[in-house]
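# Architecture at a glance
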Number of protein chains: 6
Amino acid sequence: MGKTISVYRKGHFNAAHRLYVRDWEFERNKEVFGLCNNPYYHGHNYEIEVCISGSIDPVTGMLINLDYLKRIIKEEIEDYFDHKNLNEQVEEFKTLNPTVENICIVSYERLRKKLDPKYRLRVRLYETARNYAEYGE
Amino acid sequence: MGKTISVYRKGHFNAAHRLYVRDWEFERNKEVFGLCNNPYYHGHNYEIEVCISGSIDPVTGMLINLDYLKRIIKEEIEDYFDHKNLNEQVEEFKTLNPTVENICIVSYERLRKKLDPKYRLRVRLYETARNYAEYGE
Amino acid sequence: MGKTISVYRKGHFNAAHRLYVRDWEFERNKEVFGLCNNPYYHGHNYEIEVCISGSIDPVTGMLINLDYLKRIIKEEIEDYFDHKNLNEQVEEFKTLNPTVENICIVSYERLRKKLDPKYRLRVRLYETARNYAEYGE
Amino acid sequence: MGKTISVYRKGHFNAAHRLYVRDWEFERNKEVFGLCNNPYYHGHNYEIEVCISGSIDPVTGMLINLDYLKRIIKEEIEDYFDHKNLNEQVEEFKTLNPTVENICIVSYERLRKKLDPKYRLRVRLYETARNYAEYGE
Amino acid sequence: MGKTISVYRKGHFNAAHRLYVRDWEFERNKEVFGLCNNPYYHGHNYEIEVCISGSIDPVTGMLINLDYLKRIIKEEIEDYFDHKNLNEQVEEFKTLNPTVENICIVSYERLRKKLDPKYRLRVRLYETARNYAEYGE
Amino acid sequence: MGKTISVYRKGHFNAAHRLYVRDWEFERNKEVFGLCNNPYYHGHNYEIEVCISGSIDPVTGMLINLDYLKRIIKEEIEDYFDHKNLNEQVEEFKTLNPTVENICIVSYERLRKKLDPKYRLRVRLYETARNYAEYGE
């Protein structure tokens, strides 16, 4: 069994959203998305956990510089989503339903393009302490 | 020093809000409320902690029936605020800014009227894990 | 490396149990199970974390309807185990020692039969914040 | 306004209990205590928070030696309640209903007799993360 | 009973310290402070909770601007203590033992001088999740 | 898909450390390790999560005796690291930078040699609630 090393770093942001399919009638959206379909929006304290896997630099003892990781989480996730209305003010969700699954995938894509391909990336996104999604390699 | 006994019960709800003073210009609101003034709203996972003080019934060993307390928290707070836009869909905030202080006071008022005056009531409201308010006797 | 998406949902229940092997003498049970062998029972606040993996519906942006997942966790786990004596009142533990490992496996089996086989399922069961088990595909 | 200094120390134990009044019929107990009246018992991971107030020793900078506080919490609370059936195996609850309020008061009394009267004592007892009691001067 | 309103804000820092009385022999320090007397230092993730009480501005619905509170916690506490050796690099602890009680009092004093006297201030300082102090009016 | 069963157990310790490469100039260390390069040390409350995978004993219903696991975590990790200066007082870090990655790997190695090779081992090490590493098979 090969061994793997990973590092994790957390971030957080607060945002509003509404879950619905634009092409569906209100009643069908209500049936599928329940209270989350409220047209006036509701919101969450989102928590993101970023996991990077790879190999350690034998000199520094680091897999990735955690200050760099902290910085790209701030720029790509926190500054981008914080205190926003996801449906109305975030490009990716103009055509995509901001479910916890899709916010997780969008977060992954935004971080992936800033990271050296030598790293494996997984992203976990908490919508509440009881509800979350995970995506990655 | 007299001794006091209290019981606590927690509840939670998710909601959207915007902080601003209706009579102020956008720039002044932005200066005072920062990102929280976003006209498209943002949101939080709110957590409420209700504290009741009084004296114990010597037969049952209870200060208040926790099932009753759980029920009024559900009816007066959770069902009333959950998945709502506080500014647009909650009567009390049509004329009151939904700051964490005011949501805490409104929660206190809603619970107070359901409780026997013999109980002392305090309410703590968490907007995030780092930001909260407390109100009561 | 293929990518995977998962969603998680938590539930909880409070129960009593005793750890012992029916065929063993009291002394041998005490040696192996320590305080957990108390014949008068002790108990825990159990926390369950259910992880479903699969693929996203491109229209709804959902892997599984979280309301459905919440409902089967309520019916199969919370209503079934909550406020019970696991050894005396739960069918599966009449012949099985209710260790954290076995409660985790039994929870998995109960949820597995309610879920479409297209989903991968993993279950994590917390006996305390320091002690837990995980089981699944 | 005078200033006060307090120190806090946490402990924990796991126990089983049943809530009921011995002199009442089963039906009346069920009505008042609900699921908690299960005659086969259920259980919890209890968490205790002990708060001591007083004045600081100017030489050591300590209000009370936290190692001593840790030791009396271990002896009077953890070793005494852990992995026990409160109704059947704890002297104080042979005649007292082990509600969260009463467990809190009994814990206070056990600690109070080990502490110098110069200290103020308050005890908070968590039955679950959502349900707790506080007692003291 | 008069009613009071308070707001809370949390901050955190990581630091090293050693507990000992300079005038005492090593053996006496070891007896009183145990492992905390290690001359090579050990350390903690400290968490600070700042509580401000007063009255609400009826126009803004705010007791104090939380951005201002966040800023003074950053300047007076986080930037001042973070990643420091408290005994060697913090002025106040050159002559004061950095117990959790004294770090709490020093934090209070640093914040008090930045706050309008109309506010009541209390500070809670967590050394670990099980060990903390509280100081204030 | 084969099924796997794992058990987890947590432990914790408080320690001081400094991150730097002995052969580098101060300026280069400061650039790479930032505040963590403070020559007077800083510290953390470390939390360790040990995960063991294998198969269940059908008689006891246990994968591994959790009391044994608790004991080796105490002996190999808690007693060995607690209240220590990692750079100055822990053998393994005399030549190895005590990054969260390296503390995680050293913890794995110390536990691995005490465990039957039939078990799979993974170790997660939390430096703060936002920063952690994971290592294992």
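My aim in this report is to walk through the structure given alongside it, one point at a time. As the structure is a computational prediction, the values presented were derived from the model and not from experiment. (Residues numbered from 1 in each chain as written. Chains lettered and ligands numbered in written order. Predicted model: local features only at pLDDT ≥ 70, side-chain atom pairs only at ≥ 80, totals over all residues. Heavy atoms only, no water.)

### Points about the pairing of strand 2 (residues 42-54) of chain D
Residues and elements named next belong to chain D. Counting buried positions over the 13 residues of strand 2 gives 11, a clear majority of the element. As paired strands, strand 1 (residues 4-17) and strand 2 are joined by 13 bridges and run antiparallel to one another. Note that in strand 2 the partner of Ala-15 across the bridge is His-44. Relative to strand 4 (residues 120-128), strand 2 is paired through 7 bridges, and the arrangement is antiparallel. Opposite Ile-52, over in strand 4, you have Leu-121 as the bridge partner. (Buried < 20%, exposed > 50% of the residue type's maximum accessible area, 1.4 Å probe, protein only. Helix = DSSP H or I, 4+ residues; strand = E, 2+ residues; numbered from the N terminus. Pairing = 2+ DSSP bridges.)

### Brief notes about the packing of helix 2 (residues 66-81) of chain A against helix 4 (residues 100-112) of chain A
Residue and element names in this part refer to chain A. Between helix 2 and helix 4, the shortest axis-to-axis distance is 9 Å and the interhelical angle comes to 140°. Considered as vectors, helix 2 and helix 4 are oriented oblique to each other. Considering only the axes of helix 2 and helix 4, their crossing is right-handed. Contacts between helix 2 and helix 4 involve Ile-72, Ile-73, Glu-76, Ile-77, Tyr-80 and Phe-81 on the former and, on the latter, Val-106, Ser-107, Arg-110 and Leu-111. By residue class, the composition of the contact of helix 2 with helix 4 is 7 nonpolar, 1 polar and 2 charged. (Axes fitted to C-alpha atoms, helices over the stretch in contact; angles between N-to-C directions. Parallel < 35°, antiparallel > 145°, perpendicular 65-115°, else oblique. Left-handed = near helix turned anticlockwise from the far one by under 90°. Contact = heavy atoms within 4.5 Å. Nonpolar A, V, L, I, M, F, W, Y, C, P; charged D, E, K, R; others polar.)

### Regarding the interface of chain E and chain F
Each side of the interface is counted separately: chain E has 20 residues, and chain F has 20 residues. Between chain E and chain F lies a buried interface of about 1,600 Å² when both sides are counted; carbon and sulfur atoms form 55% of it. In terms of surface lost to chain F, no three residues of chain E exceed Tyr-40, Asn-45 and His-83 of chain E, which account for 36% of the buried area on that side. At the boundary of chain E with chain F, the tally comes to 13 residue pairs in polar contact (both at pLDDT 80 or more). Those elements that provide at least two residues to the side of chain E that touches chain F are strand 1 (4-17), strand 2 (42-54), strand 3 (84-85), helix 3 (86-89) and strand 4 (120-128) of chain E. If one sorts the elements of the side of chain E that touches chain F by residue count, strand 2 of chain E sits on top with 4 residues. Along the lines of polarity and charge, the residues of the side of chain E that touches chain F split into 6 nonpolar, 10 polar and 4 charged. (Buried area = accessible area lost by both parts, 1.4 Å probe. Polar contact = N/O pair within 3.5 Å; in protein donor to acceptor, adjacent residues only side chain to side chain.)

### Remarks on the pattern of salt bridges
Inspection of the entire model under this criterion finds 60 salt bridges over all chains. The salt bridge partner of Glu-134 of chain A is Arg-122 of chain A, with a shortest N-O separation of 2.9 Å. Linking Glu-134 of chain A in strand 5 (residues 131-136) with Arg-122 of chain A in strand 4 (residues 120-128), this pair joins segments that are 12 residues apart in sequence. No difference in accessibility class separates Glu-134 of chain A from Arg-122 of chain A, as the two residues are buried. Residue Glu-92 of chain F pairs with Arg-110 of chain F through a salt bridge whose shortest N-O separation is 3.0 Å. Of this pair, Glu-92 of chain F sits in the loop between helix 3 (86-89) and helix 4 (100-112) while Arg-110 of chain F sits in helix 4; the two residues are 18 residues apart in sequence, bridging distant segments of the chain. In this structure Glu-92 of chain F comes out as partly exposed when scored by relative accessible area, which is 24%. Counted as one network, the salt bridges with shared partners bring together Glu-76, Glu-92, Arg-110, Lys-113 and Lys-114 of chain A. (Salt bridge = Lys/Arg side-chain N within 4 Å of Asp/Glu carboxyl O.)

### Description of the relation of the copies chain A and chain B
You can overlay chain A on chain B at an RMSD of 0.0 Å; the transform is a turn of 180° with a shift of 0.0 Å along its axis. Taken together, these values place the two copies in the relation of a two-fold axis. (Least-squares fit on C-alpha atoms with pLDDT ≥ 70 in both.)

### Topic: the environment of Gly-61 of chain D
With respect to the secondary-structure elements, Gly-61 of chain D resides in the loop between strand 2 and helix 2 (66-81). Once the C-alpha coordinates of Gly-61 of chain D and Glu-49 of chain D are considered, the two residues, 12 residues apart in sequence, prove to be 22 Å apart. If we ignore the near neighbours within four places in the chain, the residues touching Gly-61 of chain D are Ile-56 of chain D together with Thr-99, Glu-101 and Asn-102 of chain E.

### Here's the deal with the arrangement of the chains
Chain A shows no contact with chain E. Their nearest C-alpha atoms sit 14 Å apart. No part of chain C reaches chain E; the closest C-alpha pair between them is 13 Å apart.

### Observations concerning the relation of the copies chain E and chain F
Of the transformation superimposing chain E on chain F, the axial component is 0.0 Å and the angular component is 180°, with the fit at an RMSD of 0.0 Å. Comparing contact sets, 100% of the residues at the interface of chain E also lie at the interface in chain F, consistent with an isologous, same-surface contact.

### What to know about the interface of chain A and chain B
When the parts of a complex come together, some accessible area is lost, and that lost area is often used as the size of the interface. In this complex, chain A contributes 20 residues to the contact, which on the side of chain B involves 20 residues. Summed over both partners, the interface of chain A with chain B buries about 1,600 Å², with 55% contributed by carbon and sulfur atoms. Contact with chain B buries area across many residues of chain A, yet Tyr-40, Asn-45 and His-83 of chain A alone supply 36% of it, more than any other trio. Inspection of the chain A/chain B interface yields 0 salt bridges. When residues of the side of chain A that touches chain B are traced back to their parent elements, those giving at least two are strand 1 (4-17), strand 2 (42-54), strand 3 (84-85), helix 3 (86-89) and strand 4 of chain A. It is strand 2 of chain A that provides the largest number of residues to the side of chain A that touches chain B, a total of 4 residues. Counted by class, the side of chain A that touches chain B contains 6 nonpolar, 10 polar and 4 charged residues.

### Points about the side chain of Asn-85 of chain F
As for its position among the elements, Asn-85 of chain F is in strand 3 (residues 84-85). For Asn-85 of chain F, a relative accessible area of 0% gives the class buried. A polar atom in the side chain of Asn-85 of chain F sits 3.1 Å from the backbone nitrogen of Glu-88 of chain F. Apart from the residues within four sequence positions on either side, Asn-85 of chain F is in contact with Asn-38, Tyr-40 and Tyr-41 of chain E together with Ala-16, Tyr-41 and Val-90 of chain F.

### A closer look at the packing of aromatic side chains
Inspection of every chain in the model, using the stated rule, returns 48 aromatic pairs over all chains. Judged by centre distance (4.9 Å) and plane angle (15°), the rings of Tyr-132 of chain A and Tyr-8 of chain C are stacked. Placement of the pair is Tyr-132 of chain A in strand 5 and Tyr-8 of chain C in strand 1 (residues 4-17), with the two residues belonging to separate chains. No difference in accessibility class separates Tyr-132 of chain A from Tyr-8 of chain C, as the two residues are buried. (Phe/Tyr/Trp six-rings, centres within 6.5 Å; stacked < 30°, edge-to-face > 60°.)

### What about the side chain of Glu-49 of chain D?
Mapping Glu-49 of chain D onto the fold places it in strand 2. Polar side-chain contacts of Glu-49 of chain D include one of 2.4 Å to the side chain of Tyr-132 of chain E. Non-local contacts of Glu-49 of chain D, meaning those with residues more than four positions away in its chain, are made with Tyr-8, Arg-9, Lys-10, Arg-122, Val-123, Arg-124 and Tyr-126 of chain D together with Arg-124 and Tyr-132 of chain E.

Nothing here speaks to function; it is all geometry.
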